[in-house]
Amino acid sequence: MAKTGMEDALLDIIHEFWGYTEFRPLQQEAMTAVLEGRDSLVVLPTGGGKSLCYQAPALCVDGMAVVVSPLISLMKDQVDALRVCGISAAYLNSSLEQEESRHVLREVRAGNIKLLYVAPERLMLEGMLSMLAEIKLAFIVIDEAHCVSMWGHDFRPHYRELQELKNIFPKCGIHAYTATATEQVRSDIAVQLGLNSPELLVGSFDRPNLTYSVARRADRLAQVCEVLDRHPNEPGVIYCISRADVESLSESLNNAGYESRPYHAGLPDEERAANQEDFIQDRVDIIVATIAFGMGIDKPNVRYVIHAGLPKSLENYQQESGRAGRDGLEAECVLFYSEQDTVIWKLILEDQPDESKATAFQSLQAMQNYCHAFDCRHRYLMQHFGQDLEQDCETGCDLCRGDFQKVDDSVEIGQKILSSIFRQDQNYGAAYTAAVLKGSKDKKVLANNHDQLSTYGLLKNESLSTIRNWLSQLVSQNFVTKTAEYQQLRITNSGWQLLRGEATLQLMRPAQASKSEKTKRA
Ligand code: ADP
């Protein structure tokens, strides 16, 4: 098919089956790669419209397309959506009864299915592979392809088995799709799947309709309510790290007069599904969830995503916050973090195998650094994904809006903090150091005679939380590190340089968290 003919045919298809009138960025290129029968690796942010890139071409070619997908709920949603559009699709995974599976297999053999969604472990079964060898297989799609890479944030061992696909079906195009991939993950995906000179299509990671802001968590409920009050009667998601946090925050919100529903993997299946459905159908506006919520959920009108705890990586943050504003209209992403979150994540990540632990810790550090970024947050996120932004967002993040001010005497303040750490023999943690600098009458400070230190009360005009925040900034800029066991502050080589006046430092003044008790909603 000539290029223009191909474009027209695809436009006809997306119009006829989905009612769309134009392609989103890179969709046409991705579809063309499929139709040309070559391999491809497509990286588009959440909401970028990846599914259509392989669904539409599947309707233009002979035979059946296989889509490998990691999540059972995701497959069902996609297949249901396709059937609504009048497209013959089916899925095979462990949720099906034997008879249902047999029925699907019969339909596949009869050539009645255009798109078959399969879990990776199911696809790689011998019986399945030999059946696919007998029918007309059009192409293979690997969705959530970062799961194949150990460098990614969601490595799944079953995805590794997909390496064999290229040997088994050498003539069949393989198309890998993901929303999050750094350059390292990208090349790893291509290597692991044995892609043959793949067409590499990487969309822009910027989401200009999203605004980003970050604040230290002080009074969780009050801070969350402040955001909710900006969005009355609008749907939004609040992410927490643990199931217990989900339960407690959802309950506190309900007690404060907001109507929210919890969502986490520990809830009974029925309750979890009902809460999700109520949110999707706009019967409830607020869902409080762990990261178990969201993959594959396509709700276009989410107006805010609040993180009430630190995500474990920027990949996670990009994906979770990216669920806001899929309809292209303005939406808000707010992150509340605390040092404690890092400690919790480190405990959780400790259980990982050694190969992935180091990467996980690095990713966590990158996430912490985002909290203490200085420039545009849009730019920061894009740079993490190997892209750049031509100009700062101006109003799309707290930093560009000027919510934080640069501190003029940053070096002097940094030196005061470092001197105190030094005079405390580098034996104490952040809260204690802040108390000394504040000139606190804390019993422990007095018992240690640290009210006699020359650094005692040096920052008495600042709030404890501001001093703590500056300490975090010193950590994220590597002037100070914390010991693994007791979180004692230690001065790094750069810290010594700063003390000697040989290094520069820029601190930001944090926005003060609102301490006001929230009144109940009318
Ligand atoms: P992704 O998988 O990349 O996160 P989806 O495939 O779920 O994104 O698509 C996101 C939303 O955009 C869906 O609601 C989809 O129907 C819609 N969409 C995709 N392509 C187009 C298009 N060309 N025109 C209009 N809407 C589109």
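The preceding data block contains the structure.
In this report, we go over the structure that sits alongside the text. A quick note: this is a predicted structure, and the numbers were derived from the prediction, not measured.

### Some remarks on the overall build of the chain
- Scanning the chain for helices and strands turns up 23 helices and 17 strands.
- Against the globule reference of 24 Å for 522 residues, the chain gives a C-alpha radius of gyration of 26 Å, in line with a compact fold.
- Taking the principal axes of the C-alpha coordinates as reference, the chain spans close to 85 × 55 × 40 Å.
- The 522 residues of the chain split such that 42% are buried.

### Looking at helix α15 (residues 339-349)
- Turning to α15, its buried residues number three or more, namely E339, D341, T342 and W345. The arc that holds the buried residues of α15, viewed along the axis, is 150°, so those residues lie on one side. Residues of α15 that are exposed and angled more than 90 degrees away from the buried face: Q340, V343 and L347.
- Considering only its buried residues, α15 is in contact with β13 (331-337), α16 (354-371), α20 (430-438) and α22 (464-476).

### Some thoughts on the pairing of strand β10 (residues 260-263)
- Residues S260 and P262 of β10 are buried on one face, and the alternating residues R261 and Y263, pointing to the opposite face, are buried as well.
- Handedness of the β-α-β unit built from β10, helix α13 (residues 269-280) and strand β11 (residues 286-289) comes out right-handed.

### A short note on the sheet that holds strand β9 (residues 236-239)
- The 6 strands lie next to each other as β8-β13-β12-β9-β11-β10, forming an open sheet whose pairing is parallel. The outermost strands of the open sheet, each flanked by one partner alone, are β8 (210-216) and β10. Strand-to-strand, the axes of this sheet are offset by a mean angle of 15°, without reference to chain direction.
- As paired elements, β9 and β11 share 4 bridges and run parallel to each other. Directly across from G236, in β11, lies its bridge partner I286.

### What about the site of the ligand?
- The local shell around the ligand holds 16 residues, among which Y20, G48, G49, K50 and S51 are the closest.
- In terms of residues, the shell around the ligand owes the most to one element, helix α3 (residues 50-58), which gives 3 residues.
- Grouping the amino acids of the shell around the ligand by side-chain chemistry returns 6 nonpolar, 6 polar and 4 charged.

### Focus: the nonpolar core
- A65, V66, L116, V141 and I142 are the most contacted members of the largest nonpolar core, which totals 57 residues.
- Setting aside residues up to four positions removed in sequence, I142 forms contacts with V68, L162, I174, A176, Y177 and L193.
- By size, the runner-up hydrophobic cluster in this structure holds 52 residues, among which are C225, Y263, W345 and C397.

### A few points about the sheet that holds strand β7 (residues 199-202)
- The 7 strands lie next to each other as β3-β4-β2-β5-β6-β1-β7, forming an open sheet whose pairing is parallel. Taken across any chain shown, the strands that pair with only one partner, and hence form the sheet edges, are β3 (89-92) and β7. The mean inter-strand angle of the sheet, taken between neighbouring strand axes irrespective of direction, is 15°.
- Taken together, the 4 bridges between strand β5 (residues 137-142) and strand β6 (residues 173-178) define a ladder with parallel strand orientation.

### Points about the environment of S51
- For S51, the location among the structural elements is in helix α3.
- Note on S51: 18 C-beta atoms within 10 Å, which makes it partly exposed.

### Regarding unusual backbone geometry
- Positive phi values are uncommon outside glycine, yet D425 reaches one of about 60°.
- By the secondary structure assignment, D425 is in the loop between α19 (410-423) and α20.
- We classify D425 as exposed; it has 8 C-beta atoms within 10 Å.
- The phi angle at Q426 is positive, at roughly 55°, despite the residue not being glycine.
- Residue position: Q426 is located in the loop between α19 and α20.
- The exposure class of Q426 is partly exposed, given the 14 C-beta atoms found within 10 Å.

### Topic: the pairing of strand β4 (residues 115-118)
- The alternating pattern of β4 places L115 and Y117 and L116 and V118 on opposite faces, both of which are buried.
- Pairing geometry for strand β2 (residues 64-68) and β4, over 4 bridges, is parallel. Following the sheet pairing, V67 is matched in β4 by Y117.
- Where β3 lies against β4, 4 bridges are found, and the strand directions are parallel. By the bridge assignment, L92 is partnered in β4 with V118.
- Crossover connection from β3 via helix α5 (residues 98-109) to parallel β4: handedness right-handed.

### Quick word on the packing of α20 against α22
- Closest axis-to-axis distance for the α20/α22 pair is 9 Å, and the angle between their directions is 125°. With respect to each other, α20 and α22 are oriented oblique. In this structure, α20 meets α22 at a crossing whose hand is right-handed. For the pair α20 and α22, the contacting residues are A430, A431, T433, A434, L437 and K438 in the first and L464, I467, R468 and L471 in the second.
- Among the residues forming the contact of α20 with α22, the class breakdown is 7 nonpolar, 1 polar and 2 charged.

### So, the packing of α15 against α16
- Contact geometry of α15 with α16 gives a least axis separation of 10 Å together with a crossing angle of 165°. As judged from the angle between their axes, α15 and α16 are roughly antiparallel. Note that α15 runs across α16; the crossing there is right-handed. Counting all contacts with α15, which are made through T342, W345 and L349, the residues of α16 involved are K357, A360, F361, L364 and Q368.
- Broken down by class, the residue content of the contact of α15 with α16 amounts to 5 nonpolar, 2 polar and 1 charged.

Rules used in this analysis
Residues numbered from 1 in each chain as written. Predicted model: local features only at pLDDT ≥ 70, side-chain atom pairs only at ≥ 80, totals over all residues. Helix = DSSP H or I, 4+ residues; strand = E, 2+ residues; numbered from the N terminus. Rg over C-alpha atoms; globule rule 2.2 N^0.38 Å. Buried ≥ 20, exposed ≤ 12 C-beta atoms within 10 Å, placed from the backbone. Arc of directions from axis to C-beta. Contact = placed C-beta atoms within 7 Å. Right-handed = clockwise from strand over helix to strand, strands pointing away. Pairing = 2+ DSSP bridges. Axes fitted to C-alpha atoms, helices over the stretch in contact; angles between N-to-C directions. Near = placed C-beta within 6 Å. Nonpolar A, V, L, I, M, F, W, Y, C, P; charged D, E, K, R; others polar. Core = buried A, V, L, I, M, F, W, Y, C linked by C-beta atoms within 7 Å. Parallel < 35°, antiparallel > 145°, perpendicular 65-115°, else oblique. Left-handed = near helix turned anticlockwise from the far one by under 90°.

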